[in-house]
Amino acid sequence: MSFAARLTRTPIPFDRDRGQDAVNAIGARPGELAELIAGTAGSSPYLEGLIHRETEWLIDALATGPEASVDTLLKALDSSPDDALAVDLRVAKGRIALIVALADLGGVWSLEEVTVALTRFADLAVSRALGAAIAIEIRREKLPGQSEDDIATAGGLTVLAMGKMGAGELNYSSDIDLICLYDETRFDADEYAEARAAFVRAVRKMTRTISDRTAEGYVFRTDLRLRPDASVTPVAISMEAAERYYESFGRTWERAAYIKARPCAGDLAAGARFLETLRPFIWRRHLDFAAIQDAHDMRLRIREHKGLHRAVSHLGHDLKLGQGGIREIEFFTQTRQIIAGGRDADLRASGTVEGLARLAEKGWVEPDDATTLTDDYRAHREAEHRVQMIADQQTHVLPATKADFQRLACLAGRDASEYGAEIRERLARVARMTEGFFAPSHSGAQEKPSLSEQARDIVARWPGYPALRSRRAVEIFDRVRPELLARLDRTARPEEALVHLDGFLAGLPAGVQLFSLFEANPQLLDLVVDVVDTAPLLGAYLSRNAGVFDAVIGGDFFSPWPGTDALRAMLSVQLDAADDYEAELNRARIWTREWHFRIGVHHLRGLINAEEAGTQYADLADAVVASLWPSVVADFAAKHGDPPGQGATVLGMGSLGAGRLNASSDLDLIVIYDGDEVEASEGRRPLATRPYYARLTQALVTALSAPTAEGRLYEVDMRLRPSGRQGPVATSRASFETYQVEEAWTWEHLALTRARPVAGDPKLGAAVENFRRTLLARPRDAEKTLADVADMRARLSAAKPGKGALDPKSGPGRLQDIELLAETGALLAGSPIRSLPAQIALACDHFGLPVGDCDSLQQANALFWQVQAAERLISEGPLTFQSTGAGAGAFLMRETGAGSIEELAGRLDAAAATVADLIDKHIGTPIPKD
């Protein structure tokens, strides 16, 4: 389709005579194409000059369309001889500027098509200029060890395009920001100095080729000042030196700059590798709300330096750096990307429009706000292009006089009055939307609650805590503290809550990130107060692992529970992204900690009940064991070869097998393998089958329980394996089955009523499960079984007596007793059912209990579990009347429906007495009651 057929708008000639001269020069017939030429030449002296200079070329270009014209120009430039390159680049620049401007002004191309075309030309210009400069160094043998074959990769030098060029959104008369780095690994240590000197000469020559103004003009103004420590470093530095700089001294603005960075010339592969090594610097692991303050300070410094503290206006306003301008939208977008991009790679888009879209998709920006800012950004950029088209100046400032603004409005094809009003409205809207993000109001939070002398003493010691030792942390916390104290003041017992908060603050190793997070998300203060007031143990955990707060605002914290399969898939993605085995273990700990925290918070805040929390903790443990097992096997196999035989299955026992854990549950596991004992693995250090699986099991226990830099996952208990502590840590399938049939005690069969494969070879797991079902279904001597259970009950009672009226687990008639009765019922019924409520129902059927007694058992189980689940969440030790604070007490009351702690203790005693009587009657051997 011809250029003319695609026109959707045309500019208005500010100077009609100049516009008509241009129309006559190209011989355009009356119509929209003539109007485009007249409006362009009549309003832009720069474009008028290009039209007259490139008349012949332009006539052909308008006939073929802008895409074909640009492609042809770039193709010809790519094959231009090095000795003609400087001239050819400048000629191409003028033609690109002309055809792109006409496509822009005529609405033939969108903003993105315009900026991409300009960026493509910039990429090629830099690549060709660099190649020619490097070729000279190599042919003069000034670049050690490099030959003609290395010209294509610039001898190891890469050019990173930064800013709008890096994002593929170069503006019309932009300069280009470049960072030039060389791969020092290509050279021996004694060659570094010579190589660096050659690269510096090549970069300087490349820059002159592009930016020197000659009779044919210039190509691009080139800025190399974004490189590390630009005032003292050469224009080309080694990648290793750059990496050291960013690790030690890199600032937030440099992190933001690298969001848009990409290799554009030279050794592209080396450039990509460098950016990958810089990924942890750019994208922090935790949500980085401290970046908001950094961006805000940067905005204010720019305004101060440029004198831009003026109200929005359509006259003389800086469209890029002024209030409500382009930079505000870019900062708004990039800062949010920096905050969350370390946790969500989908947010790492280089373009502003794409970045806003992804932020909206992930819930970091309201969709309507993203749409508005996107529209305003595009309109700002188009206005910026027209400002630059008038005289090919790298300026972003709107004309200061009405007459000059009239010229701009004409180039935009708009009425000056309407255009000015639209620009003012847009600038004000952007300023309003972005200012609230960078400098949120703290009105209402400055009222300080009255503090007792004890409370004042507590607050007075805060400046000595590690989290408040830096000036920046103090500044941020001073803004947060009034609101924090106000929320504490609204708790049931403010001074008690303050003591708990004090413990939280004392345990924080650092404060800037967390305090910034609170400042940006004040609603989190309610959560902190709730957690530290209700669950001091969880508060202490948070103080050491403040990064888990990231999950609260990560987008999915309050979404429905995903289930085991989804959790396994999510954790597998995390493990696959790790660089090595140790990194896998650390990633697993970070990920698990966040999900564990989520369950605890949901339970604490009443979003889920105790039974749901128990299921979710079990789902999480299932996912962790199942996902880590392949990693453990792979790491072990790398040393000792693949597992001999069919492999192994991991059985979850006890509460894990039953699918109900609490906040501090350990994991009861058994590992069963299927392999010929005479076989051995085939690896660098082969092992016979038995020691192979024994050591593999120990590796699994270590992976789950060993402390790493990120803590530990779970304590592991393997005492339920055959022969308990005396038995091997891993058991062969044949030995396991023989032992269970011929030697196992009744208590070991009771344990099997809750066994469940949770990881390992699925076929072996299914075989072990079939054996379990067959074994449980076998006829058994009910009298002997009951006698064994009675003996076991007495032993447990002696070993684990109750710890007071609020103890939900130990003691006659409490949870441990109920579990024993339920397992006995399942065993005598020969049922494979694992869940405790279902096993209680089986026991009721087997012992012929009336409906009322069965209901009493189920209700007691629910009550005891509610208290145990709450206890393990809010208390480090057993609950007592003295240790249960106001927040914890309120949580217990809400969970159980009791009116007071004393009433709850009475209900627990009454339920225990009822259950104990039932068990005494049907199992025998009554346990003495305290």
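For every chain, the first residue of the written sequence is number 1, and numbering continues from 1 onward in sequence order. Whole-chain, interface and lining totals are the exception, using all residues; otherwise, since this is a predicted model, local features are given only for residues with pLDDT of at least 70 and side-chain atom pairs are given and counted only at 80 or more. Processing note: side-chain calculations cover all non-hydrogen atoms of the structure and skip hydrogens and water entirely.

Undergrad: Explain the overall build of the protein chain here, please?
TA: Runs of E in the DSSP output that reach at least two residues are strands. Runs of H or I that reach at least four are helices, and both are numbered from the N terminus. A tally of regular secondary structure across the protein chain gives 40 helices and 10 strands. Principal-axis analysis of the C-alpha atoms places the extent of the protein chain at approximately 115 × 75 × 55 Å. In what follows, residue pairs with any heavy atoms lying within 4.5 Å of each other are defined as contacts. Of the contacts made within the protein chain by residues no fewer than 6 positions apart, 74% connect residues no fewer than 24 positions apart. By element, 50% of the accessible surface of the protein chain is carried by carbon and sulfur atoms, the whole surface being about 38,400 Å². For the protein chain, the separation between the mean place of its 106 positive charges and that of its 133 negative charges on side chains is 3 Å. The Shrake-Rupley method, run with a 1.4 Å probe sphere, supplies the accessible areas, and residue values consider only the shown protein chains as cover. Counted as positive: Lys and Arg. Counted as negative: Asp and Glu. His and the chain ends are not counted at all. Throughout, a charge is located at the NZ atom of Lys, the CZ atom of Arg, the CG atom of Asp or the CD atom of Glu.

Undergrad: Just to check I follow, could you spell out the state of the cysteines for this structure?
TA: As used here, a disulfide is simply a covalent bond connecting the sulfur atoms of two cysteines. Pairs of cysteine sulfur atoms within 2.5 Å are what we label disulfides. The tally for this structure, following the rule as stated, stands at one disulfide. Of the cysteine sulfurs around Cys-180, a residue in no disulfide, the closest is that of Cys-264, at 8.2 Å. The cut-offs for exposure are 20% and 50% of the maximum accessible area for each residue type, with area from a 1.4 Å probe on protein chains only; residues under the lower value are buried, those over the upper are exposed, and the others partly exposed. Taking relative accessible area as the criterion, Cys-180 reaches 2% and is therefore assigned buried.

Undergrad: What am I meant to see in the pattern of salt bridges here?
TA: Pairing between side chains of opposite charge can happen when their charged atoms approach one another. Here, a salt bridge means any Lys or Arg side-chain nitrogen found within 4 Å of an Asp or Glu carboxyl oxygen. For the coordinates displayed, the defined rule picks out 51 salt bridges. Two residues, Asp-817 and Arg-793, come together in a salt bridge whose shortest N-O distance is 2.8 Å. In this pair, Asp-817 sits in helix α36 (residues 815-829) while Arg-793 sits in helix α35 (residues 782-799), placing the two residues 24 residues apart along the sequence. Comparing Asp-817 with Arg-793, the two get one shared label, buried. Each member of the salt-bridge network shares a partner with another, and the members are Arg-9, Asp-104, Glu-382 and Arg-386.

Undergrad: Looking at this structure, I do not really get helix α6 (residues 85-105). What am I missing?
TA: One turn of the α-helix equals 3.6 residues, which is why residues spaced by three or four share an orientation. Helices are assigned an expected span. That span is 1.5 Å times one less than the residue count. For α6, with 21 residues, the first-to-last C-alpha span of 30 Å sits near the 30 Å given by 1.5 Å per residue. By the criterion of burial, α6 is predominantly enclosed, with 16 of the 21 residues buried. Once α6 finishes, Gly-107 follows within two positions and takes phi at roughly 70°, a positive value.

Undergrad: What am I meant to see in a positive patch on the surface here?
TA: Without a salt bridge and with relative accessible area above 30%, a residue can belong to a patch; like charges are then joined within 9 Å and nonpolar side chains (Val, Leu, Ile, Met, Phe, Trp, Tyr) within 5 Å. On the surface, Arg-140, Lys-142, Arg-204, Lys-205 and Arg-208 cluster together into a positively charged patch. Secondary-structure assignment places Arg-140 in the loop between α7 (111-139) and β1 (157-161).

Undergrad: For this particular structure, what's the right way to read the nonpolar core?
TA: Note that soluble globular proteins tend to have their nonpolar side chains buried in a common cluster. Trp-462 and Phe-515 are the most contacted members of the largest nonpolar core, which has 143 residues in total. With 16 residues, helix α29 (residues 610-640) is the largest single contributor of residues to this core. Residues within four places of Trp-462 in sequence aside, it is in contact with Leu-468, Phe-477, Arg-481, Leu-485, Leu-498, Leu-501, Asp-502 and Leu-505. Judged by nonpolar contacts, the second largest core, of 97 residues, contains Leu-36, Ile-210, Met-389 and Leu-408. Remark: nonpolar core denotes a set of buried residues (Ala, Val, Leu, Ile, Met, Phe, Trp, Tyr, Cys) joined through side-chain atoms within 4.5 Å.

Undergrad: Before we go on, may I ask you to explain helix α10 (residues 239-249) in this structure?
TA: What α10 keeps buried is the set Met-239, Ala-242, Tyr-245 and Tyr-246. Buried residues in α10, looked at end-on, bunch into an arc of 120°, giving them a common side. For α10, the exposed residues lying more than 90 degrees away from the buried face are Glu-247 and Ser-248. Tucked into the core, α10 has its buried residues touching β1, β2 (176-182), β4 (236-238), α11 (252-259), α12 (268-277) and α13 (279-282). Our arc is simply the arc of the directions from the helix axis toward the C-beta atoms.

Undergrad: Where do I start with the confidence of the model for the protein chain in this structure?
TA: As a note on interpretation, predicted positions should not be read in detail where pLDDT is low. Values of pLDDT, which run from 0 to 100, indicate the predictor's confidence residue by residue. Residue-level pLDDT values for the protein chain average 87, and 90% of them are 70 or greater. Confidence over residues 441-447 falls short of pLDDT 50; this stretch has eight contacts with residues more than four positions distant or in other chains.

Undergrad: How should I be thinking about the side chain of Lys-260 in this particular structure?
TA: Within the secondary structure layout, Lys-260 lies in the loop between α11 and β5 (262-266). Judged by relative accessible area, Lys-260 falls into the buried class, the value being 5%. A distance of 3.4 Å separates the side chain of Lys-260 from the side chain of Thr-352, its partner in a polar contact. Apart from residues lying up to four places away in sequence, Lys-260 is in contact with Ala-161, Gly-163, Lys-164, Gly-166, Ala-167, Glu-169, Gln-334, Ser-350 and Thr-352. Under this definition, polar contacts are N or O atom pairs within 3.5 Å; protein pairs additionally need one hydrogen-donor-capable and one acceptor-capable atom, and for neighbouring residues in sequence, both atoms have to be side-chain atoms.

Undergrad: So what exactly am I meant to see when it comes to the environment of Phe-3 here?
TA: Among the secondary structure elements, Phe-3 is positioned in the segment before α1 (16-26). Considering only alpha carbons, one finds Phe-3 and Gly-65, 62 residues apart in sequence, at a separation of 4.8 Å. Not counting the four nearest positions on each side in its chain, Phe-3 is found in contact with Leu-33, Leu-36, Leu-62, Gly-65, Pro-66, Ile-99, Leu-102, Ala-103 and Val-108.

Undergrad: Even after reading the chapter, I still don't get the packing of aromatic side chains, so can you show me in this structure?
TA: The description of an aromatic ring pair uses the distance of the two centres, along with the angle that the planes make with each other. Only rings of Phe, Tyr and Trp enter the pairing, Trp through its six-membered ring, and a pair is recorded when the two centres are within 6.5 Å. The plane angle decides the type: under 30 degrees is stacked, over 60 is edge-to-face, the rest tilted. Within the structure shown, the criterion is met by 16 aromatic pairs. A ring pair is formed by Tyr-182 and Phe-199, whose centres lie 5.0 Å apart and whose planes are at 25°; its orientation type is stacked. With Tyr-182 in strand β2 and Phe-199 in helix α9 (residues 192-211), this pair connects stretches of sequence that are 17 residues apart. Ring geometry for Trp-561 against Trp-595: centres 5.6 Å apart, planes inclined by 85°, an arrangement best described as edge-to-face. Of this pair, Trp-561 sits in the loop between α26 (549-552) and α27 (564-576) while Trp-595 is found in helix α28 (residues 581-604), placing the two residues 34 residues apart along the sequence. On the accessibility criterion, Trp-595 (14% relative accessible area) is buried. Put simply, the rings of Tyr-245, Tyr-246, Phe-249, Tyr-258 and Phe-281 touch in pairs and so form one group of aromatic residues.

Undergrad: What exactly am I supposed to notice about the pairing of β1 here?
TA: Remember that side chains alternate between the two faces of the sheet whenever the strand is regular. In terms of burial, β1 is a largely internal element, five of the five residues being buried. Taking every second residue as pointing to the same face, both faces of β1 are buried, with Leu-157, Val-159 and Ala-161 on one and Thr-158 and Leu-160 on the other. The pairing of β1 with β2 spans five bridges and is classified as antiparallel. Opposite Leu-157, over in β2, you have Tyr-182 as the bridge partner. Here the rule is simple: two strands pair whenever DSSP picks up at least two bridges between them. Pairing between β1 and β5: four bridges, direction antiparallel.

Undergrad: I would appreciate a short explanation of the packing of α28 against α29 in the present structure.
TA: The description of two packed helices rests on the angle between their axes and on the distance between the axes. Between α28 and α29, whose axes approach to 10 Å, the crossing angle comes to 175°. Our classification of the angle between α28 and α29 gives roughly antiparallel. Where α28 approaches α29, its residues Tyr-581, Glu-584, Leu-585, Ala-588, Trp-591, Thr-592, Trp-595, His-596, Ile-599, Gly-600 and His-603 are matched on the opposing element by Ala-610, Ala-613, Gln-616, Tyr-617, Leu-620, Val-624, Leu-628, Ser-631, Val-632 and Asp-635. Classification used: nonpolar for Ala, Val, Leu, Ile, Met, Phe, Trp, Tyr, Cys and Pro, charged for Asp, Glu, Lys and Arg, polar for all others including Gly. Split into classes, the residues belonging to the contact of α28 with α29 amount to 13 nonpolar, six polar and two charged. Interaxial angles span 0 to 180 degrees and are taken between N-to-C directions of axes, which are lines fitted to C-alpha atoms, for helices over the stretch in contact. For this classification, under 35 degrees means roughly parallel, over 145 means roughly antiparallel, 65 to 115 means roughly perpendicular, and everything else is oblique.

Undergrad: Help me understand unusual backbone geometry, please; the structure alone is not making it clear to me.
TA: Negative phi is the rule for most residues except glycine; trans is the rule for most peptide bonds. In this structure, Asp-229 is a non-glycine residue whose phi angle is positive, near 45°. Within the secondary structure, Asp-229 sits in the loop between β3 (222-223) and β4. Asp-229 sits in the partly exposed class, given a relative accessible area of 39%. Unusually for a residue other than glycine, Asp-392 sits at a positive phi of about 50°. Assignment of secondary structure puts Asp-392 in the loop between α17 (367-391) and α18 (402-411).

Undergrad: Quick question: what am I supposed to make of the packing of helix α2 (residues 32-43) against helix α3 (residues 45-53) here?
TA: Axis separation between α2 and α3 bottoms out at 5 Å; the angle between their running directions is 125°. Here α3 runs oblique to α2, going by the angle between their axes. Along its contact with α2, which presents Ile-37, Thr-40, Ala-41 and Ser-43, the element α3 presents Pro-45, Leu-47, Glu-48 and Ile-51. Its residues assigned to classes, the contact of α2 with α3 shows five nonpolar, two polar and one charged.

Undergrad: Sorry, what's going on with the side chain of Asn-171 here?
TA: Residue placement: Asn-171 occurs in the loop between α8 (163-166) and β2. At a separation of 3.5 Å, a polar atom in the side chain of Asn-171 contacts the side chain of Glu-384. Among all residues touching Asn-171, those that are not within four sequence positions of it are Leu-118, Lys-164, Arg-381, Glu-384, His-385, Gln-388, Gln-394 and His-396.

Undergrad: Looking at this structure, I do not really get the environment of Arg-695. What am I missing?
TA: Residue position: Arg-695 is located in helix α31 (residues 689-705). Judged by relative accessible area, which is 34%, Arg-695 ranks as partly exposed. Considering only alpha carbons, one finds Arg-695 and Phe-636, 59 residues apart in sequence, at a separation of 8.8 Å. If we skip the residues at most four places from it in the chain, Arg-695 touches Phe-636, His-640, Arg-685 and Leu-687.

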